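This is what each chain is made of:
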Amino acid sequence: MRDPAWAWEEIVLACALVEQNGRRELREHDPATVELSRLLQRLPIHPPSVRSGVFRSPGSVSRKTTDLATRYPGYWGKPTRGSKKDQEVVNAFVEAPEQMLATAARIRENALTGRLHKLLPVLDEVEPEEVSAAEGRLLYLIHRTRERDPKLRKAKIRQTRTAGRPVACEVCGFDFGRTYGQRGADYIECHHIVPLHHIGESVTRLEDLALLCSNCHRMIHRTRPWLTPGELKEIVENRR
Ligand SMILES: [Zn+2]
Ligand SMILES: [Zn+2]
């Protein structure tokens, strides 16, 4: 039985070890290899029914770090086997090492708190265009879950009212209450403007949320890179 291919999130965790090890592979008995092996075995990404007896063993983790280390630019030998996804993750680490280490830390943190577990059933709802190779689906889902937090939305609406501003789309001005009457009163969506790799570092600040109508929110997330509300507003205003 062959083990399932490595998921993007697993590759990011392995590549973070390589990066922190001076872009070199890690041996099977290295404590960091053993620790990652345990973590990957606990991750709920691949169901037990598809795992072999050596699923993500320290040996297989070590081999993955070799595959990744040999794909860095400047590596003197031939790359070992490995996938297109491996190369994409290595490229992301080369382009933005700090951001990718932060992304790995977010994945790790969410794996340990069990939050990843809850998000897996909705993984397939994500359109590939909404997700960038540097962030992956799980972090995106955490972002989305946070945006949909009813407590945050209520707090943001309250703050907007207190400041004397209308509860309307910050991009196009659409006001659900004005169009739909009682049924639309107080309806608005929240968009979180902080980059995904920062998610989890701190609690969401109300200043980091933008109020948007459903159409404008969808247009921001439609393809990567996401637009800022200001950029979308410019498009909308130029077309009027
Ligand atoms: Zn709008
Ligand atoms: Zn959003």
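Thresholds applied
- Residues numbered from 1 in each chain as written.
- Chains lettered and ligands numbered in written order.
- Predicted model: local features only at pLDDT ≥ 70, side-chain atom pairs only at ≥ 80, totals over all residues.
- Heavy atoms only, no water.
- Helix = DSSP H or I, 4+ residues; strand = E, 2+ residues; numbered from the N terminus.
- Expected span 1.5 Å × (residues − 1).
- Buried < 20%, exposed > 50% of the residue type's maximum accessible area, 1.4 Å probe, protein only.
- Arc of directions from axis to C-beta.
- Contact = heavy atoms within 4.5 Å.
- Polar contact = N/O pair within 3.5 Å; in protein donor to acceptor, adjacent residues only side chain to side chain.
- Donors = N, O, S within 2.8 Å, 3.2 Å for Na, K, Ca; no water.
- Tetrahedral: all angles 85-135°; square planar, octahedral: opposite > 155°, others 65-115°.
- Pairing = 2+ DSSP bridges.
- Salt bridge = Lys/Arg side-chain N within 4 Å of Asp/Glu carboxyl O.
- 1 Å grid on protein atoms, 1.4 Å probe; cavity = no way out; pocket = protein on both sides within 12 Å on 5 of 7 lines; lining within 4 Å.
- Points joined across faces, edges and corners; volume = space filled by probe spheres on them.
- Nonpolar A, V, L, I, M, F, W, Y, C, P; charged D, E, K, R; others polar.

- An unreviewed UniProt entry lists the protein under the name HNH endonuclease, with Thermobifida halotolerans given as the organism.

### Section: helix α8 (residues 150-162)
Thought 1: Between its terminal C-alpha atoms α8 stretches 18 Å, which fits the 18 Å expected from 13 residues at 1.5 Å a residue.
Thought 2: Restricting attention to buried positions, one finds in α8 the residues Leu152, Lys156, Ile157 and Thr160. Angular distribution of buried residues about the axis of α8 spans 135°; they occupy a single face of the element. Of the exposed residues in α8, the ones pointing more than 90 degrees away from its buried face are Lys151, Lys154, Arg158 and Thr162.
Thought 3: Each element contacted by the buried residues of α8 is listed here: α7 (136-147), β1 (189-192) and β2 (209-212).
Thought 4: If you check the start of α8, you find a side-chain oxygen 2.9 Å away from the backbone N of lysine 151, and it comes from aspartate 149.
Thought 5: Two residues or fewer after α8 comes glycine 164, characterised by a positive phi angle close to 80°.

### Notes on the coordination of the zinc ion (ligand 1)
Thought 1: Summarising the metal site, the zinc ion (ligand 1) is bound by the protein donors Cys169 (SG), Cys172 (SG), Cys213 (SG) and Cys216 (SG), whose distances to it range over 2.3 to 2.4 Å.
Thought 2: In this structure, the zinc ion (ligand 1) is coordinated by four donor atoms arranged in tetrahedral fashion, with angles at the metal of 103 to 115°.
Thought 3: Taken in sequence order, the residues that donate to the zinc ion (ligand 1) follow the motif C-x2-C-x40-C-x2-C. Residue cysteine 169 is located in the loop between α8 and α9 (176-180), and its partner cysteine 216 is located in helix α10 (residues 214-221); the two are separated by 47 residues in the primary sequence. Take cysteine 169 and cysteine 216: they sit in the same class, and that class is buried.

### Considering the pairing of β1
Thought 1: Residues Glu189 and His191 of β1 are buried on one face, and the alternating residues Cys190 and His192, pointing to the opposite face, are buried as well.
Thought 2: With four bridges joining them, β1 and β2 adopt antiparallel strand pairing. Along β2, the bridge assignment pairs cysteine 190 with leucine 211.

### Remarks on the pattern of salt bridges
Thought 1: In the structure shown here, the tally under the stated rule is nine salt bridges.
Thought 2: One salt bridge connects arginine 23 with glutamate 19, and the closest N-O pair in it is separated by 3.6 Å.
Thought 3: The shortest N-O distance in the salt bridge between lysine 64 and aspartate 86 comes to 3.0 Å. Here lysine 64, found in helix α3 (residues 58-69), pairs with aspartate 86, found in helix α4 (residues 84-95); they are 22 residues apart in sequence, far enough to count as distant. Judged on exposure class, the residue lysine 64 and its partner aspartate 86 are both buried.

### Section: the coordination of the zinc ion (ligand 2)
Thought 1: Protein-derived ligands of the zinc ion (ligand 2) are Glu147 (OE), Glu147 (OE), His191 (ND1), His217 (NE2) and His221 (NE2), with the metal-ligand distances lying across 2.0 to 2.5 Å.
Thought 2: Positions of the donor residues of the zinc ion (ligand 2) along the chain correspond to the pattern E-x43-H-x25-H-x3-H. Remark: histidine 217 occurs in helix α10 and glutamate 147 occurs in helix α7; sequence separation between them is 70 residues. In this pair, the class of glutamate 147 matches that of histidine 217, namely buried.

### Details of the layout of surface pockets
Gaps left between atoms are located by rolling a probe of water-molecule size over the structure's atoms.
Thought 1: Considered as a void within the structure, the largest pocket measures approximately 490 Å³ in volume.
Thought 2: Taken together, 19 residues line the largest pocket, and the ones lying closest to its centre are Asp3, Pro4, Trp6, Arg56 and Arg81.
Thought 3: Every element with two or more residues in the lining of the largest pocket is listed here: α3 and α4.
Thought 4: The dominant element in the lining of the largest pocket, judged by the number of residues it contributes, is α3, at four residues.
Thought 5: Each residue belonging to the lining of the largest pocket can be placed in one class, and the counts come to six nonpolar, four polar and nine charged.

### Brief notes about the environment of isoleucine 220
Thought 1: You can see isoleucine 220 is positioned in helix α10.
Thought 2: Overall, isoleucine 220 belongs to the buried group, its relative accessible area being 0%.
Thought 3: It is 24 Å that separates the C-alpha atoms of isoleucine 220 and leucine 116, two residues lying 104 residues apart in sequence.

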